[in-house]
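Okay, here's what each chain looks like letter by letter:
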Amino acid sequence: MTMPITPNGPRPWRPAMQETRVYNNLFSLVDTERKDAVTRDAVWPLLVKSGLHSVYLNRIWQLVDPSGHKLISRRKFHMAMKLVSMAQSGRPLSLENLGDATPLPAFDDAEQR
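Conventions adopted
- Residues numbered from 1 in each chain as written.
- Predicted model: local features only at pLDDT ≥ 70, side-chain atom pairs only at ≥ 80, totals over all residues.
- Heavy atoms only, no water.
- pLDDT = per-residue confidence, 0-100.
- Contact = heavy atoms within 4.5 Å.
- Core = buried A, V, L, I, M, F, W, Y, C linked by side-chain atoms within 4.5 Å.
- Buried < 20%, exposed > 50% of the residue type's maximum accessible area, 1.4 Å probe, protein only.
- Helix = DSSP H or I, 4+ residues; strand = E, 2+ residues; numbered from the N terminus.
- Phe/Tyr/Trp six-rings, centres within 6.5 Å; stacked < 30°, edge-to-face > 60°.
- Lys NZ or Arg CZ within 6 Å of the ring centre and 35° of its normal.

## A word on the confidence of the model for the protein chain
Here the protein chain shows a mean pLDDT of 89. Residues at 70 or above account for 87%. Below a pLDDT of 50 lies the segment residues 1-9, which in the model reaches 14 contacts outside its immediate sequence neighbourhood of four places, other chains included.

Here is the structure:
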């Protein structure tokens, strides 16, 4: 599935309402300084709880932080959570496929509700 094209390029991905609720809750767990941006170090323990191999986790981070700043916004965090869901579902990791339907990501011991 490709992203619909608009006059200004691909339409940006927007998470579904339930995804937004879950992703915002997870974001609040890692944004302890309430700066509306999180570092790789803050997010990494949550990513590990996904049970995915580090190869997938590193690829997810590369996709959401291609410049290597090691700091991502809430929106990029949401994208990372969707990518975790995609990997857990056996789907290829690609920003172009963010609109594909997937279950919510699963994390060991993470408060998702």
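## What about the nonpolar core?
The biggest cluster of nonpolar side chains holds 28 residues, and the ones touching the most others in it are Phe-77, Met-81 and Leu-83. For this core, the leading source of residues is helix H4 (residues 74-88), giving 8 residues. Excluding residues within four positions of it along the chain, Leu-83 makes contact with Ile-60, Leu-63, Val-64, Leu-93, Ser-94, Leu-95 and Leu-98.

## Here's the deal with the packing of aromatic side chains
This model, assessed by the stated rule, comprises 1 aromatic pair. Between the aromatic rings of Phe-27 and Phe-77, the centroid separation amounts to 5.2 Å while the plane-to-plane angle is 70°, which identifies the pairing as edge-to-face. Here Phe-77 lies in helix H4 and Phe-27 lies in helix H1 (residues 17-30), a separation of 50 residues in the sequence. Exposure class is identical for Phe-27 and Phe-77. Each is buried. It is Arg-40 that lies over the ring of Trp-44; its NZ or CZ is 4.1 Å from the centre.

## A closer look at unusual backbone geometry
Of note in this structure, Arg-34 is not a glycine but carries a positive phi near 55°. The residue Arg-34 is located in the loop between H1 and strand E3 (37-39) in this model. Even without being a glycine, Lys-70 presents a positive backbone phi close to 65°. Position of Lys-70 among the secondary structure elements: in the loop between helix H3 (54-64) and strand E4 (71-73).

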